[in-house]
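Residue-level structural notes
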Amino acid sequence: MPDTRVNPTFSKSTGLPRKRFYRARAHSNPLSDSHFPVPLTPAHVDYSLHYPQFFPSSDQVDRSKKIKFADIGCGFGGLLISLSTLFPDTLMIGMELRDKVSEYVKERILSLRVANPGQYQNISVVRTNSMKYIPNHFDKAQLSKMFFLFPDPHFKEKNHRRRVISPFLLDEYAYVLEVGGIIYTITDVEELGEWMKSCLENHPLFEPLTEKELEADPAVKLLSSATEEGQKVARNDGQTFQAIFRRIARPDQIS
Amino acid sequence: MDEEVAAETRKDTEVAPALIAVHPDRHSAAVAVGPELRVFNLLGNCAVSLVDDSVTGEQPFHKDNIRAIRFGAKGKLFVSAGDDKTLKIWSTQSWHCVSTVSSEKRVTAVAISNEGLHVCFADKFGLVWVVDLNQTSQYKKLTPTPLLSHYCSIITSLEFSPDNRFIISADRDFKIRVTNFPKNLLNGAHEIQSFCLGHTEFVSCLAFVPAQESPHSLLLSGSGDSTVRLWDISSGALLDTCEVAIKAGLLESDGNAEEHDHAVTDLCTTLDGLLVAVAIQSLRGIVLLSCNVSAQTLSFAKVVSIAGETFIPTCLANSSPTKELWMVTGISSLPGYDYPSLARVLVISGIDVEQEPVVLEDDKIPGGEKLLETLQGTTSVDDNAFLAAAEAVKAAMCNLLIKKHYPFENREYRKKTRNDKKLKE
Ligand SMILES: C[S@@+](CC[C@H](N)C(=O)[O-])C[C@H]1O[C@@H](n2cnc3c(N)ncnc32)[C@H](O)[C@@H]1O
């Protein structure tokens, strides 16, 4: 645990890391090969590093308790922090490609744990390219929720394949989501909103939630308010576009 | 300076290893080297002249290096594909090209379903496409449909499971993906059955152990990490690992610095999977492993060395009915030598649990000198050229499949000196 009092990258008043020391390039290219460790298999994810209070030692990890929520492209981590207290017994992880941003989230969580003993023990972050390494982090049907909040739009047609929601990537998300698991997407870019919705509508393993279900889901309320990007859009009175779908069994598997 | 390096890399990856395939009933044998496809008819003991109406005059059938060839399980079809972005489907009865399928990108791997109704191929962008041979009774105009994708990776091998339920794809990012092969091809293949994870380098080759008794077929994979692994495809579970380079005495069990030198380049099952032949980038010969299907284990059996010449196989093919292993080594082109391309074919007979394998002398090879002349293009080649070819093939494979890990300072330097548009923003 870093000593927050003498570290200039932490604010003296709040003890939280200062964002300006973690500024990074706005967009990164998910296609370029980066250099970060990737777990060989989901069994190689060290839960004791991510959630030390839940898993005090790395040799006695109870493999029955697994990460259930993933925030893909978590940015500065606002959603994880809101979800943490809403679902205190659920393990969740943010995946972020930008090194400095993921470091910021890591420090932010550690500070929150210090300031609020016993809390924020169920959230963590990993630096990775979610478009390539989802199967290295999660087993089949492991997750119950996946979040994609304000993903990079990649406007140009030839860059559509860099989009984090695409027909082919949905196959991998369907693989790691349990039947009944939910995928949440939101954007302030109308064209991207349409794209994400149509990808999900056209995928045989997803169906939309009903209005009633959306109203009853506490996570839905956080989509536009909990993250840094969401707050920015709200400040500017921007419109948002959501697509929230459920993972279903293959039609011929329903008995 | 950076540009020079890039140009160098491009040249290296453009050399292609020689490939070999043998008809399931050993009616014929085929070798691909560079853009050239050579077929020998073992029943009639003569060279085959292939006929492709879509190609005029003296043009080669493929306009660039061939990267994949294979016979269908029933032996009626043969496919060839590669860097010229075309896939050709041949009838093995007439050796006419029955269809030429265009791909948007270079083709890296092909597979034919076991009933011979579908052909899948992978392109340089990690996409797998399928062509449905039912589409029309006349194959002429087949259009491929996209099936699945390995995001931004290179697919190195494709295989149908023996029951045709799954299509298996392996990539350079250490992954093997098992996908349910869909009934309706037009909608794509969305249901992933499993990922077989555990290799620590690129996966180079796949082969099934056809298991009659057990409900699930076992999958074998070879990799740049110098191992062969055995998998349960329904769960993705790793059943066994054989460190072939160590077992063959090529590598110390604690040394991993030169791992890439001993990449597994091909593997091939014989005798219904009881024996597995393995080619390693640094081995003049092959390694034989025995596979115990009921115990689900893989164990080292022996090394079959090739004496008297430099022969590091680039591709293996089996002929089960005759218990032979066919091998080729060679390269599409060899800078600095007089040969336009190089290929050398050898056959090992007696691939059997009870027999001693024997590397056949040239005059004992089925088809004899005539076959060698057809498949090799010549009967004798300078041994030094094969040594150089083995090095060139290795360099090309590493360049293509191993991610470049620049040391940190080097990376910063590259970033600073890069003069593409992105940094001007
Ligand atoms: C516009 S931000 C939104 C961040 C956050 N979800 C929010 O709402 O504030 C998109 C984030 O996704 C990250 N990202 C983009 N591609 C990614 C990838 N392939 N894997 C992981 N993160 C990625 C970017 O680095 C960036 O932080």
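This one's a predicted model, so the numbers in the text were calculated from it and none came from an experiment. (Residues numbered from 1 in each chain as written. Chains lettered and ligands numbered in written order. Predicted model: local features only at pLDDT ≥ 70, side-chain atom pairs only at ≥ 80, totals over all residues. Heavy atoms only, no water.)

Looking only at helices and strands, chain A has nine helices and seven strands in total. Relative to its 255 residues, chain A shows a buried fraction of 52%. For chain A, the proportion of contacts with a sequence separation of at least 24, taken over those separated by at least 6, is 77%. Counting only carbon and sulfur atoms, one obtains 51% of the accessible surface of chain A, whose full area is about 12300 Å². (Helix = DSSP H or I, 4+ residues; strand = E, 2+ residues; numbered from the N terminus. Buried < 20%, exposed > 50% of the residue type's maximum accessible area, 1.4 Å probe, protein only. Contact = heavy atoms within 4.5 Å. Areas by Shrake-Rupley, 256 points an atom, 1.4 Å probe, with all protein chains shown as cover.)

Another aspect to go through is the sheet that holds strand 6 (residues 77-82) of chain B. Residue and element names in this part refer to chain B. The strand order across the open sheet built from four strands is 5-6-7-8, with neighbouring strands paired in antiparallel fashion. The open sheet is flanked by strand 5 (66-71) and strand 8 (97-102), the only strands paired with a single partner. Across the sheet, the mean angle from the axis of one strand to that of its neighbour is 15 degrees, orientation sign disregarded. Two strands pair when backbone bridges link them, and strand 5 and strand 6 are joined in this way by five bridges, in the antiparallel orientation. In the sheet register, isoleucine 66 faces strand 6, and the bridge partner there is glycine 82. (Pairing = 2+ DSSP bridges. Axes fitted to C-alpha atoms, helices over the stretch in contact; angles between N-to-C directions.)

Residue and element names in this part refer to chain A. Taken together, 18 residues are adjacent to the ligand, and Glu96, Arg98, Asn129, Leu149 and Thr227 come closest. Between the ligand and the protein, one listed contact pairs a nitrogen atom with a backbone N or O atom of glycine 73 at 2.9 Å. At 2.8 Å, a side-chain N or O of threonine 227 approaches an oxygen atom of the ligand. Calculation on the ligand without its partners gives an accessible area of 590 Å², and the protein chains cover 93% of this total. The set of elements that each furnish at least two residues to the shell around the ligand consists of strand 2 (91-96), helix 4 (130-137) and helix 9 (228-235). Across the shell around the ligand, the residue classes break down as seven nonpolar, six polar and five charged. (Near = heavy atom within 4 Å. Polar contact = N/O pair within 3.5 Å; in protein donor to acceptor, adjacent residues only side chain to side chain. Nonpolar A, V, L, I, M, F, W, Y, C, P; charged D, E, K, R; others polar.)

Residues and elements named next belong to chain A. Not every positive phi belongs to a glycine, and histidine 154 is a case in point at roughly 45 degrees. With respect to the element layout, histidine 154 can be found in the loop between strand 4 (143-149) and helix 5 (167-176). You can call histidine 154 buried: its relative accessible area is 14%.

All names here are of chain A. With numbering aligned to this structure, UniProt lists the feature "binding site: S-adenosyl-L-methionine" (unreviewed entry) at Gly73, Glu96, Leu97, Asn129, Ser130, Leu149, Thr227, Glu228 and Glu229. For leucine 97, the location among the structural elements is in the loop between strand 2 and helix 3 (99-115). Judged by relative accessible area, leucine 97 falls into the buried class, the value being 18%. By the element assignment, leucine 149 lies in strand 4. Discounting chain neighbours no more than four positions away, the residues touching leucine 149 are Leu79, Tyr184, Ile186, Leu223 and Thr227. (UniProt positions renumbered as here; feature names shortened; annotations may be inferred.)

This part covers the pairing of strand 25 (residues 315-319) of chain B. All names here are of chain B. A large share of strand 25 lies buried, amounting to four of its five residues. Bridge analysis of strand 25 against strand 26 (residues 324-331) gives five bridges, and the strand direction is antiparallel. Looking across to strand 26, one finds that alanine 317 is bridged to tryptophan 326. What sits between strand 25 and strand 26 in their antiparallel hairpin is a turn of four residues, with lysine 323 showing a positive phi close to 55 degrees.

According to UniProt, the "active site" (unreviewed entry) feature falls on Asp152 of chain A. Structurally, aspartate 152 of chain A can be placed in the loop between strand 4 and helix 5.

Generally speaking, soluble globular proteins have nonpolar side chains that are buried together. Ranked by internal contacts, the top residues of the largest apolar core, which has 40 residues, are Phe138, Met146, Ile165, Tyr173 and Ile183 of chain A. Looking at this core element by element, the count peaks at six residues for helix 5 of chain A. For isoleucine 183 of chain A, the contacting residues outside a window of four places in its chain are Met146, Phe148, Ile165, Leu170, Tyr173, Leu177, Leu200, Phe206, Ala243, Ile244 and Phe245 of chain A. The next biggest cluster of nonpolar side chains, apart from the first, holds 35 residues, and it includes Val33, Leu42, Trp90 and Cys97 of chain B. (Core = buried A, V, L, I, M, F, W, Y, C linked by side-chain atoms within 4.5 Å.)

It is worth spelling out empty space enclosed by the protein at this point. The method is simple in principle: a probe with the dimensions of a water molecule rolls over the atoms, and the space it marks as empty is what remains. Here the structure, examined in full by the defined rule, presents two cavities of 30 Å³ or more. If you add up the space inside the largest cavity, you get close to 70 Å³. Together, Met131, Lys132 and Glu172 of chain A together with Ser149, His150, Tyr151, Ser153, Asp171, Asp173, Lys175, Arg177 and Phe195 of chain B line the largest cavity. Per-class residue counts for the lining of the largest cavity are three nonpolar, three polar and six charged. (1 Å grid on protein atoms, 1.4 Å probe; cavity = no way out; pocket = protein on both sides within 12 Å on 5 of 7 lines; lining within 4 Å. Points joined across faces, edges and corners; volume = space filled by probe spheres on them.)

Moving on, we come to the interface of chain A and chain B. Across the boundary between the two partners, chain A contributes 27 residues, which contact 29 residues of chain B. Summed over both sides, the interface between chain A and chain B buries roughly 2400 Å², with carbon and sulfur atoms accounting for 57% of that surface. If you sort the residues of chain A by the area they bury against chain B, His35, Lys132 and Phe168 of chain A come out on top, with a joint share of 26%. A salt bridge links glutamate 191 of chain B to arginine 250 of chain A; the shortest N-O distance between them is 2.6 Å. For the pair chain A and chain B, the number of links is eight residue pairs in polar contact (both at pLDDT 80 or more). Going through the elements one at a time, helix 4 and helix 5 of chain A are the ones with two or more residues in the side of chain A that touches chain B. Considering only residue class, the side of chain A that touches chain B consists of twelve nonpolar, six polar and nine charged. (Buried area = accessible area lost by both parts, 1.4 Å probe. Salt bridge = Lys/Arg side-chain N within 4 Å of Asp/Glu carboxyl O.)

As recorded in UniProt, the sites labelled "repeat: WD" (unreviewed entry) are residues 59-100 and 196-241 of chain B. For the annotated span residues 59-100 of chain B, helix accounts for 0% and strand for 52% of the residues, and the straight-line distance between the end C-alpha atoms is 15 Å.

Let us look at a negative patch on the surface. A surface patch of negative charge is lined by Glu361, Asp363, Glu369 and Glu373 of chain B. Note that glutamate 373 of chain B resides in helix 3 (residues 368-376). (Patch = residues over 30% accessible without salt bridge, like charges linked within 9 Å, V, L, I, M, F, W, Y side chains within 5 Å. Lys, Arg positive; Asp, Glu negative; His and termini not counted. Charge placed at Lys NZ, Arg CZ, Asp CG, Glu CD.)

This paragraph deals with the packing of helix 4 of chain A against helix 5 of chain A. Residues and elements named next belong to chain A. Relative to each other, helix 4 and helix 5 sit at 20 degrees, their axes nearing to 10 Å. Relative to helix 5, the element helix 4 lies roughly parallel. Classified by chirality, the crossing of helix 5 by helix 4 is left-handed. Taken together, the residues of helix 5 that come into contact with helix 4 (itself represented by Met131, Ile134 and Pro135) are Leu169, Glu172, Tyr173 and Val176. Its residues assigned to classes, the contact of helix 4 with helix 5 comprises six nonpolar, no polar and one charged. (Parallel < 35°, antiparallel > 145°, perpendicular 65-115°, else oblique. Left-handed = near helix turned anticlockwise from the far one by under 90°.)

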